[in-house]
Amino acid sequence: MRYSRVLSRSAAPLAIVALPLVLAGPSAAVAGISVSTTGTNVSVVTSACAQNNGSWGTASLLGSGQTSFTQGRQVALSGTTVSQSAAWSAVAPGTYTVTVRCSNGVSAGTQSVIVSAAAATPTRAATPSPSRGVAGGLGGSARDYGTLTLGAGAALVGSAVIAGAWFLRRRPKPHRRY
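What counts, and at which threshold
- Residues numbered from 1 in each chain as written.
- Predicted model: local features only at pLDDT ≥ 70, side-chain atom pairs only at ≥ 80, totals over all residues.
- Heavy atoms only, no water.
- Helix = DSSP H or I, 4+ residues; strand = E, 2+ residues; numbered from the N terminus.
- Contact = heavy atoms within 4.5 Å.
- Areas by Shrake-Rupley, 256 points an atom, 1.4 Å probe, with all protein chains shown as cover.
- Pairing = 2+ DSSP bridges.
- Axes fitted to C-alpha atoms, helices over the stretch in contact; angles between N-to-C directions.
- Buried < 20%, exposed > 50% of the residue type's maximum accessible area, 1.4 Å probe, protein only.

Caption draft 1: Looking closely at the overall build of the protein chain. Within the protein chain, the secondary structure is distributed over two helices and eight strands. Counted from the first residue to the last, the protein chain has its helices and strands arranged as α-β-β-β-β-β-β-β-β-α. Residue pairs in contact within the protein chain that sit at least 24 positions apart in sequence constitute 50% of those at least 6 positions apart. In the structure as shown, the protein chain presents an accessible area of about 14000 Å², 61% of it carried by carbon and sulfur atoms.

Structural data, given as structure tokens:
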């Protein structure tokens, strides 16, 4: 009885969350294009086109003064039945419109993209390497202090462990009633 109430109380919110996902189904990711930029490179990916006469379609990159598909920089789509893509390199900074037209003449989608100026790559002057190499290893020391120093360090660590155990043992404990 108790478990059935808990189950019925938790099932209703789960159904409310899951209902839009079930209704959306596989048709939600079928159409459209996805445009991305990396530096001065622009790329577009779609899954809406089908191959027709050996061609998937064409993608066009339209600048601010261009209004029709034929005025832009056109690139043929390449890919598979799952995904088709096109890319442009050395694109000047500005706002562009990417349009994809499938080989059957149907538009797969249009999306605006902003290309920013590429960040300059910082350059570093070469520095000479150390003459004796890098002092790595235990502690990065350049000298060996010997067995006496190692023994003194071990004694300090051992005494700290013993003092910590003694302190924890001597602290007051709460009274328990049984």
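Back to the write-up after that little detour.
Caption draft 2: Examining the sheet that holds strand E7 (residues 94-102) more closely. Overall, antiparallel pairing links the four strands, which are arranged E4-E3-E7-E8 in an open sheet. Lying at the two open borders of the sheet, with one neighbouring strand each, are strand E4 (73-76) and strand E8 (107-115). Each adjacent strand pair in this sheet contributes to an overall mean axis angle of 20°, direction not counted. In this structure, strand E3 (residues 57-62) lies alongside E4, joined through four bridges in antiparallel fashion. Looking across to E4, one finds that Leu-61 is bridged to Arg-73.

Caption draft 3: Here's a closer look at the pairing of strand E2 (residues 41-46). Residues Val-42, Val-44 and Thr-46 of E2 are buried on one face, while the alternating residues Asn-41, Ser-43 and Val-45, pointing to the opposite face, are not. For strand E1 (residues 33-38) and E2, the ladder comprises six bridges, and the chain directions are antiparallel. Of the residues in E2, the one forming a bridge with Thr-38 is Asn-41. Relative to strand E6 (residues 84-88), E2 runs antiparallel, the two being bridged by five bridges. Across the sheet, residue Val-44 finds its bridge partner in E6, namely Ala-86.

Caption draft 4: Local environment of unusual backbone geometry. Backbone geometry at Asn-53 places phi at a positive 55°, although glycine is not the residue there. In this fold, Asn-53 is placed in the loop between E2 and E3. Classification of Asn-53 by relative accessible area gives exposed; the value is 78%. Phi at Ala-90 is positive, roughly 55°, even though this residue is not glycine. Residue position: Ala-90 is located in the loop between E6 and E7. Since its relative accessible area comes to 63%, Ala-90 is described here as exposed.

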